[in-house]
Every structure is written in C-alpha cells, then in structure tokens.
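Geometric and topological summary
So you can see what is in the structure, the chains are spelled out below.
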Amino acid sequence: TQSTRPQRLLSAVQKNATRGDPCSVVRAIDDFCRHKEWAMNVGDEKGCILDSVVSEMNPAAVLELGTYCGYSTVRIARLLPPDAKFITLEFNPGFAAIARQVIAWAGLEEKVQLVEGASGDWIPKIKEQFGIKTFDLVFLDHWKDRYLPDTKLMEECGLLRKGSVLLADNVICPGTPDYLEYIRSSPKYESRYFKSHLEYTKVEDGLEKSIFLG
Ligand SMILES: O=C(NCCCCc1cc2ccncc2s1)c1cc(-c2ccc(F)cc2)cc(O)c1O
Ligand SMILES: [Mg+2]
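In what follows, the accompanying structure is described.

About the cut-offs
Residues numbered from 1 in each chain as written. Chains lettered and ligands numbered in written order. Predicted model: local features only at pLDDT ≥ 70, side-chain atom pairs only at ≥ 80, totals over all residues. Heavy atoms only, no water. Pairing = 2+ DSSP bridges. Helix = DSSP H or I, 4+ residues; strand = E, 2+ residues; numbered from the N terminus. Axes fitted to C-alpha atoms, helices over the stretch in contact; angles between N-to-C directions. Contact = heavy atoms within 4.5 Å. Salt bridge = Lys/Arg side-chain N within 4 Å of Asp/Glu carboxyl O. Buried < 20%, exposed > 50% of the residue type's maximum accessible area, 1.4 Å probe, protein only. Near = heavy atom within 4 Å. Polar contact = N/O pair within 3.5 Å; in protein donor to acceptor, adjacent residues only side chain to side chain. Areas by Shrake-Rupley, 256 points an atom, 1.4 Å probe, with all protein chains shown as cover. Nonpolar A, V, L, I, M, F, W, Y, C, P; charged D, E, K, R; others polar. Phe/Tyr/Trp six-rings, centres within 6.5 Å; stacked < 30°, edge-to-face > 60°. Lys NZ or Arg CZ within 6 Å of the ring centre and 35° of its normal. Donors = N, O, S within 2.8 Å, 3.2 Å for Na, K, Ca; no water.

**Topic: the sheet that holds strand β6 (residues 189-197)**
Taken in spatial order, the seven strands of this open sheet run β3-β2-β1-β4-β5-β7-β6, and their pairing is mixed. Each edge of the open sheet is held by one strand with a lone partner, namely β3 (113-116) and β6. Shown here is a sheet whose adjacent strand axes are inclined to one another by a mean of 15°, direction ignored. In the packing of helix α8 (residues 147-156) onto the sheet, the strands contacted are β1 (61-65), β4 (135-140), β5 (160-168), β6 and β7 (204-212), and the crossing angle to β5 comes to about 165°.

This is the structure we're talking about:
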C-alpha cells in the first residue's frame, strides 16, 4: 500500500532525528521538506518568527489550531515553561496519528494535548473540558476560511483576555482575506504583519500577530 506524505515525513524524523531532541526533529523535517518533499509545515523561516513570539510571551496557556504533522507543535512546546498548558487541535485523524508520533519522538508528549476534531465544535468546550480560563497565545494554522469565524467564536466564549496574542500563518498564501480585513480594522485588536515566505519557497507569505485589547 502507498505511504502518505505525513508517513514519509515521520520516517524521515525516525531516521534522521535523535529521540528526545526537539531541535533535531525540527531540523529533520525542514531538511526533508526542503530537499525531498514539500509539506505544509510553518517551516524554518516563519518558524523563527513563531519562536520569537513564544519566547517573548513565555505563555502559560497556548492553543494551536491545525497540528498537521506536529512541526509547529514541537517548535512551540520546546519553548514552553514546565507547567504550561498547550492544546493542539487537528481535524484529520491521519495527520493526528502522525503528529502524535512526531511529538513523542521529540520527547514532548507530556507538554502537549492533541485533540482530534473540528475547531468550531471544540472551541466552545475547551473551558470546561481542559480547565482553561483564557489563552495567552493562539497559533492559527488550520482551514484558512475558519480563521475569522473561530476568532469570533473565541471572543464569544471568553477565551481571550486583554493581551492575548493571535498569531496567524498563511495570511498571504494561501491567504485569509476576510480574517485580515477584520483583525486589521477592529478596534479590539492591535495587529502587525511579519513579512516572510511560504515554507521552503520564495513565494511571499507572512504571519499576522494581533493583540486582543479586550
Ligand atoms: O491548508 C493549510 N493548512 C490547513 C490544513 C487543514 C487542517 C485542519 C486542521 C483543523 C483543526 C481543527 N478544525 C479544522 C481543521 S482543518 C495550509 C496550506 C498551505 C499551502 C500553501 C500553498 C499551496 F500551494 C498549497 C498549500 C500552506 C500552509 O502553511 C497551510 O497551513
Ligand atoms: Mg500554515
């Protein structure tokens, strides 16, 4: 039977990365996706911007929408303080199964809670299910047409507090025009665009960092 791209990515991690070494997992995935087979990880260039936002915030509660193979999950989890809460949501069971193994290879399974399901279904349940009051940081990297409705849903569910940061991938490519329009014109947010490139390519893309003003 044919292997899937995520399965081939996991094999590259198991072959080239050291168990328990998150940086070697990140490096193995970047090498595989740059030289063997492109995949939709946030990548090394935008990944450095993600790292700087996480390090600067030292967040106690993080939500990631869109796990895929767990690349950004590992990038974020490796920088979190010991008792931080980190929830990552993945819709596709195949992706989730691979991500669990990538996260485990990095030795970070204790720091991450991977939840399978759709953001629209899970966001309203997070408070009671995981005992989380608000998120300090949300990384949006799932369906591009869900960024806006899910942001409004997080507002409505009281999951954001004054100072919460939304960091959105792919605001240029594939693009999230309705989300950008909303977040840049809303008085409830202070936004800044970090120009970069689509992972492993020369195509323009970037991250939009938005601070919720309450
Ligand atoms: O679609 C992308 N990412 C979302 C995958 C959707 C998985 C989901 C997770 C989840 C969790 C909860 N609820 C619902 C959902 S849906 C994506 C696509 C490209 C790209 C760019 C140029 C191309 F030519 C082709 C693809 C680049 C990227 O960095 C991406 O992130
Ligand atoms: Mg992305």
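Moving on, there is more to tell.
**Thoughts on the pattern of salt bridges**
The full count for this structure, using the stated rule, is 16 salt bridges. We note a salt bridge from Glu37 to Arg8, for which the minimum N-O separation is 2.6 Å. On the criterion of sequence distance, the pair formed by Glu37 in the loop between α2 (22-35) and α3 (43-57) and Arg8 in helix α1 (residues 5-16) is long-range, its members being 29 residues apart. Overall, Arg8 belongs to the partly exposed group, its relative accessible area being 28%. Residue Glu155 is joined to Lys188 by a salt bridge in which the shortest nitrogen-to-oxygen separation is 2.7 Å. Taken as a pair, Glu155 in helix α8 and Lys188 in the loop between α10 (177-185) and β6 lie far apart in primary sequence, 33 residues in all.

**Examining the site of ligand 1**
Taken together, 19 residues form the shell around ligand 1, and within it Ser119, Asp141, Lys144, Asn170 and Glu199 come nearest. Lys144 is positioned with one of its side-chain polar atoms (N or O) 3.0 Å from an oxygen atom of ligand 1. Within the side chain of Asp169, one N or O atom sits 3.2 Å away from an oxygen atom of ligand 1. Protein chains bury 79% of the 680 Å² of accessible surface belonging to ligand 1 in isolation. Breaking the shell around ligand 1 down by element, the ones donating at least two residues are β2 (85-90) and α9 (171-175). Residues belonging to the shell around ligand 1 are distributed by class as follows: nine nonpolar, five polar and five charged.

**Quick word on the packing of aromatic side chains**
Within this structure, the stated rule accounts for six aromatic pairs. Judged by centre distance (5.6 Å) and plane angle (85°), the ring pair of Tyr147 and Tyr179 falls under edge-to-face. Within this pair, whereas Tyr147 is found in helix α8, its partner Tyr179 is found in helix α10, the two being separated by 32 residues in sequence. Note on accessibility: Tyr147 and Tyr179 belong to one class, buried. Plain terms: the ring middles of Tyr182 and Tyr189 are 6.3 Å apart, the flat faces sit at 65° to each other, and that makes the pair edge-to-face. Tyr189 carries the same exposure label as Tyr182, and that label is buried. Members of the aromatic cluster, connected to one another through ring pairs, are Tyr182, Tyr189 and Phe212. The ring of Trp122 has Lys125 lying over it, and the distance from NZ or CZ to the ring centre is 4.5 Å. Cation over ring: Lys152 sits above Tyr182, and NZ or CZ is 5.0 Å from the ring centre.

**Side note on the coordination of the magnesium ion (ligand 2)**
Tetrahedral coordination by four donors puts the ideal angle at the metal at 109.5 degrees, and octahedral coordination by six puts it at 90 or 180 degrees. Taken together, the protein ligands of the magnesium ion (ligand 2) are Asp141 (OD), Asp169 (OD) and Asn170 (OD1), with distances of 2.0 to 2.2 Å. Sequence spacing of the donors to the magnesium ion (ligand 2): D-x27-D-N. Within this pair, whereas Asp141 is found in the loop between β4 and α8, its partner Asn170 is found in the loop between β5 and α9, the two being separated by 29 residues in sequence. Here Asp141 and Asn170 have matching classes, each one buried.

**So, the environment of Ala61**
Among the structural elements, Ala61 can be located in strand β1. For Ala61, a relative accessible area of 7% corresponds to the buried category. Sequence separation between Ala61 and Ala84 is 23 residues, and the spatial gap between their C-alpha atoms is 5.7 Å. Other than its neighbours up to four places away in sequence, Ala61 contacts Lys85, Thr134, Phe135, Asp136 and Leu137.

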